[in-house]
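# Secondary and tertiary structure notes
Take a look at the letters that make up each chain.
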Amino acid sequence: MLKLLNIRNFVIVEQMELEFLSGFTVLTGETGAGKSILIDALSLTLGERGDASQICQGHDRAEISALFDITASPELAAWLTEYDLQGDPGVCLMRRVLDANGRSRAFINGHTATLQQLRTAGEYLVSIHSQHAHQALLQKDAQRDLLDAFAGCRTHALTVKTAYQDWQAIQRQRIACEQQLSEFREKHEQLEWQQRELSELNFIAGEWDALQADHNRLSHLASLLEATEAGINQLSEHETAALSQINTVKSQLQNMLAYDHQLKAVVDLLESAQIQVQESVYELRHYRQQLDLDPQYLQEVEQRITAIHGMARKYRVTPDELPDLLEKLNTQIVALDSGGNLEKYVEQENAAQEKYRKLAEKLRAKRLKSAKELARAVTDSMQTIAMEGGEFSVTLDFLEQGNAHGLEQIEFQVAAHRGLPLRPLAKAASGGELSRISLAIQVITSQTGTVPTLIFDEVDVGIGGHVAEIVGQLLRHLGSARQVMCITHLPQVAATGNHHWQVVKSMQSDSQQILSRITVLNEQGRVDEIARMLGGVKITEATRKHAAEMLHLSKFEKN
């Protein structure tokens with residue numbers, strides 16, 4: 001539970017340190033005194049967004065820290081350990097700093113943390129019910145969330161949502177596959193004659209380069225023969241051929257070796273040159289023999305090139321891409337003939353749908369059971385909050401196909417008084433009735449939760465008199481098992497608290513700045529504050545006696 005809250009330079013609070021106790025604490029004060037500032041400050045430590053406008057005038061930063069006892073929250077302790085955010089045993093310190101330059105920093109047990117980590121930790125620690133909760137209660141999503149919270153199946157609901165999303169994703173893949181196959185079927189005949197035409201061309205990868213090389217050679221055959229004959233003559237057969245001249249020089253130098261052996265290196269080089277030139281002559285003669293003088297072959301190559309070019313232009317690809325195009329056509333035809341992956345997607349879709357249905361049916365069973373329990377509990381509570389004879393119901397309209405939230409459409413219905421038919425909450429309840437029903441639901445659903453600290457921010461708006469006393473008793477009863485705080489304007493609710501804090505707003509004489517502070521009231525202080533809430537500006541002795549009587553009766557109720 002919440003143990004300490006330290007606020008510095010936040011809105012109209014310069015310095016405030018509050019020590020929280022177990023049980024039911026009420027927080028009262030004049031309108032505008034700053035009661036909700038405490039909620040806003042705590043919300044910042046729980047991950048709400050903040051900005052520089054929340055910094056107290058004249059200061060460059062605001063700082064809020066909250067200390068929680070988590071000895072009864074092993075799940076939170078495990079989460080802190082998992083993310084290496086643990087601190088002293090049994091406690092969790094949440095801290096938030098807002099700078100005037102707009103920067104925000106967050107810490108958990110002294111470790112730097114993200115806002116999301118603050119929010120996650122806060123979900124284990126505090127539940128805040130705002131004064132506008134009754135408006136949210138009109139929304140179908142809020143009604144479903146409340147039922148799931150009461151049933152303790154929020155995690156199961158998230159699992160159902162994930163299973164539904166998985167099913168829908170596979171369904172989209174199956175539909176896309178069907179559409180693709182449908183498109184293939186429409187052009188099946190076209191695919192087949194295109195495949196046949198390309199197959200008959202019998203064009204393979206690498207052939208294009210070979211054809212280009214052959215055509216280039218055959219087109220310049222005369223020049224190649226002329227150059228080959230000239231090379232052979234100049235190297236070997238002419239009377240001044242290179243081989244003869246090399247041989248003459250080598251013989252002359254060999255004769256000189258007897259006089260100077262240093263010429264041996266030159267002789268060796270000439271001998272190597274003679275061998276290389278001779279090999280060149282052999283290769284040229286072999287090449288000359290291979291040159292094809294048949295003009296018919298050149299015509300065949302040109303016809304082949306023309307056919308390939310024509311096919312490439314027809315399909316708007318380069319000649320080199322024709323084999324890949326044929327392979328693609330083959331793949332499309334095989335996919336069409338085999339049904340592609342449609343059968344696989346159908347099997348996966350059926351399995352995903354079955355998984356979703358099983359999870360959703362289990363969720364529906366939990367919701368049906370809890371819907372009756374919630375309806376009975378709220379109906380019973382209505383009898384005590386000036387709605388005698390009224391009835392509350394939770395309807396679950398079955399959805400054959402289901403959706404991400406399950407197999408039912410959830411709706412809260414109410415008959416405000418005996419004899420009236422059940423109608424949707426938004427149409428059947430007045431503003432005051434809706435506020436009372438909302439409070440009853442919040443108290444009932446909070447009793448089933450595990451969050452140790454519950455804060456109600458003026459949720460008693462729109463009620464008064466005897467009903468307000470009942471509301472106070474409900475909150476006090478809730479405080480016997482949980483730490484409960486309520487900001488209220490109702491003296492009947494304030495009188496039922498185990499502890500009473502008063503928010504006072506004052507102006508500093510030196511700076512003319514309005515500041516807020518909280519005072520823990522003693523018995524006499526409670527009498528005076530409740531008298532103020534009863535009597536307004538002028539507090540009479542009769543009003544004080546009435547306030548004292550309310551506190552006395554409240555103590556009697558406690559006993």
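Attention in this report is confined to the structure presented alongside it. Keep in mind it's a predicted model, so treat the numbers as computed, not measured.

## Thoughts on the packing of aromatic side chains
Scanning the model with the defined rule gives 6 aromatic pairs in all. Residues tryptophan 79 and tyrosine 83 carry aromatic rings whose centres are separated by 5.2 Å and whose planes lie at 45 degrees to one another, so their mutual orientation is tilted. Judged by relative accessible area, tyrosine 83 falls into the partly exposed class, the value being 42%. Aromatic side chains tyrosine 164 and tryptophan 167 sit 5.6 Å apart centroid to centroid with 90 degrees between the ring planes, which places their arrangement in the edge-to-face category. Of this pair, tyrosine 164 and tryptophan 167 are both found in helix α6 (residues 154-186), 3 residues apart, which corresponds to roughly one turn of the helix. Each member of the pair, tyrosine 164 as well as tryptophan 167, carries the same accessibility label: buried.

## Observations concerning the pairing of strand β10 (residues 406-415)
By the criterion of burial, β10 is predominantly enclosed, with 9 of the 10 residues buried. Across 9 bridges, strand β9 (residues 391-403) lies against β10 in antiparallel orientation. Counted as the bridge partner of phenylalanine 392 is valine 414 from β10. The antiparallel pairing of β9 with β10 creates a hairpin that spans 2 residues between the two strands. Here 2 bridges tie β10 to strand β11 (residues 423-424), and the two strands are oriented antiparallel to one another. Its bridge partner being in β11, glutamine 413 is matched across the sheet by proline 424.

## Topic: the packing of helix α9 (residues 221-237) against helix α11 (residues 264-290)
Taken N-terminus to C-terminus, the directions of α9 and α11 make an angle of 150 degrees; their axes are 10 Å apart at the nearest point. Judged by the inter-axis angle, α9 sits roughly antiparallel to α11. At the point where α9 passes α11, the crossing takes the left-handed sense. In this structure, α9 uses Leu224, Leu225, Thr228, Glu229, Gly231, Ile232, Leu235, Ser236 and Glu237 to contact α11, whose residues at the interface are Val277, Ser280, Val281, Leu284, Arg285, Tyr287 and Arg288. Class assignment of the residues belonging to the contact of α9 with α11 gives a composition of 8 nonpolar, 4 polar and 4 charged.

## Thoughts on unusual backbone geometry
Positive phi is not limited to glycine here, since aspartate 84 has a value of about 55 degrees. Its relative accessible area of 52% is what places aspartate 84 among the exposed residues. Despite not being glycine, asparagine 109 shows a phi value in the positive range, around 55 degrees. In this structure, asparagine 109 sits in the loop between β6 (104-108) and β7 (111-112). According to the relative accessible area criterion, asparagine 109 is buried, its value standing at 15%.

## Some remarks on the packing of helix α10 (residues 242-256) against α11
For any two helices packed against each other, the geometry comes down to the angle between their axes and how far apart the axes lie. The interhelical angle for the contact between α10 and α11, taken along N-to-C directions, is 160 degrees, at an axis separation of 10 Å. One way to sum up the angle between α10 and α11 is to call them roughly antiparallel. Here α10 runs over α11; the crossing is left-handed. Across the interface between the two elements, Leu243, Ile246, Asn247, Val249, Lys250, Leu253 and Gln254 from α10 touch Val266, Val267, Leu270, Glu271, Gln274, Val277, Gln278 and Val281 from α11.

## Some points on the sheet that holds β7
Spatial strand order, β2-β1-β4-β5-β6-β7: 6 strands in an open sheet with antiparallel pairing. Two strands bound the open sheet, and with one partner strand each, they are β2 (13-19) and β7. Of the pairings in the sheet, the one linking β6 to β7 comprises 2 bridges and is antiparallel in character. Within β7, the position partnered with isoleucine 108 by the bridge is histidine 111. Contacting β4 (61-69), β5 (91-99), β6 and β7, helix α3 (residues 115-125) crosses the sheet at an angle of about 140 degrees to β5.

## A look at the side chain of arginine 367
In this structure, arginine 367 sits in helix α14 (residues 342-382). Of note is the side chain of arginine 367, whose polar atom sits 2.9 Å from the side chain of aspartate 148. Polar side-chain contacts of arginine 367 include one of 2.7 Å to the backbone oxygen of histidine 405. In contact with arginine 367, not counting residues within four places along its chain, are Arg144, Leu147, Asp148, Ala157, Leu396, His405, Gly406, Glu408 and Ile410.

## Some points on the nonpolar core
Counting residues in each nonpolar core, the largest one holds 43 residues, and the members touching the most others are Leu38, Leu42, Phe68, Met94 and Ile108. Residue contributions to this core peak at 6 residues, all from helix α1 (residues 35-45). Counting 29 residues, the second largest nonpolar core, distinct from the first, contains Val443, Leu454, Val471 and Leu478.

## Quick notes on the environment of histidine 499
Topologically, histidine 499 is positioned in strand β14 (residues 499-507). The exposure class of histidine 499 is partly exposed, given its relative accessible area of 21%. For the pair histidine 499 and asparagine 109, spaced 390 residues apart in sequence, the C-alpha to C-alpha distance is 29 Å. Apart from the residues lying within four places of it in its own chain, the contact partners of histidine 499 are Leu21, Ser22, Phe24, Thr25 and Val26. Polar contacts involving the side chain of histidine 499 include one to the main-chain carbonyl oxygen of serine 22, which spans 2.8 Å.

## Some points on a negative patch on the surface
Residues Asp209, Asp320, Glu321, Asp324 and Glu327 make up a contiguous surface patch of negative charge. Tracing the backbone shows aspartate 324 in helix α13 (residues 322-338). Assessed through its relative accessible area of 51%, aspartate 324 is described here as exposed.

## Regarding the sheet that holds β10
With respect to topology, 3 strands assemble into an open sheet ordered β9-β10-β11, the strand pairing being antiparallel. The outermost strands of the open sheet, each flanked by one partner alone, are β9 and β11. α14 rests against β9 and β10 of the sheet, and its axis sits at about 170 degrees to β9.

## A closer look at the layout of surface pockets
Empty space within the largest pocket amounts to approximately 1,600 Å³. Residue lining of the largest pocket: 46 residues in total, with Glu123, Ser127, Ala149, Arg154 and Val451 positioned closest to the centre. Secondary structure elements with two or more residues in the lining of the largest pocket: α2 (74-82), α3, β8 (126-129), α4 (133-136), α5 (140-151), α6 and α16 (431-447). Residue composition of the lining of the largest pocket, by class: 19 nonpolar, 18 polar and 9 charged.

The rules behind each value
Residues numbered from 1 in each chain as written. Predicted model: local features only at pLDDT ≥ 70, side-chain atom pairs only at ≥ 80, totals over all residues. Heavy atoms only, no water. Phe/Tyr/Trp six-rings, centres within 6.5 Å; stacked < 30°, edge-to-face > 60°. Buried < 20%, exposed > 50% of the residue type's maximum accessible area, 1.4 Å probe, protein only. Helix = DSSP H or I, 4+ residues; strand = E, 2+ residues; numbered from the N terminus. Pairing = 2+ DSSP bridges. Axes fitted to C-alpha atoms, helices over the stretch in contact; angles between N-to-C directions. Parallel < 35°, antiparallel > 145°, perpendicular 65-115°, else oblique. Left-handed = near helix turned anticlockwise from the far one by under 90°. Contact = heavy atoms within 4.5 Å. Nonpolar A, V, L, I, M, F, W, Y, C, P; charged D, E, K, R; others polar. Polar contact = N/O pair within 3.5 Å; in protein donor to acceptor, adjacent residues only side chain to side chain. Core = buried A, V, L, I, M, F, W, Y, C linked by side-chain atoms within 4.5 Å. Patch = residues over 30% accessible without salt bridge, like charges linked within 9 Å, V, L, I, M, F, W, Y side chains within 5 Å. Areas by Shrake-Rupley, 256 points an atom, 1.4 Å probe, with all protein chains shown as cover. Salt bridge = Lys/Arg side-chain N within 4 Å of Asp/Glu carboxyl O. Lys, Arg positive; Asp, Glu negative; His and termini not counted. Charge placed at Lys NZ, Arg CZ, Asp CG, Glu CD. 1 Å grid on protein atoms, 1.4 Å probe; cavity = no way out; pocket = protein on both sides within 12 Å on 5 of 7 lines; lining within 4 Å. Points joined across faces, edges and corners; volume = space filled by probe spheres on them.

Geometry only, nothing functional implied.
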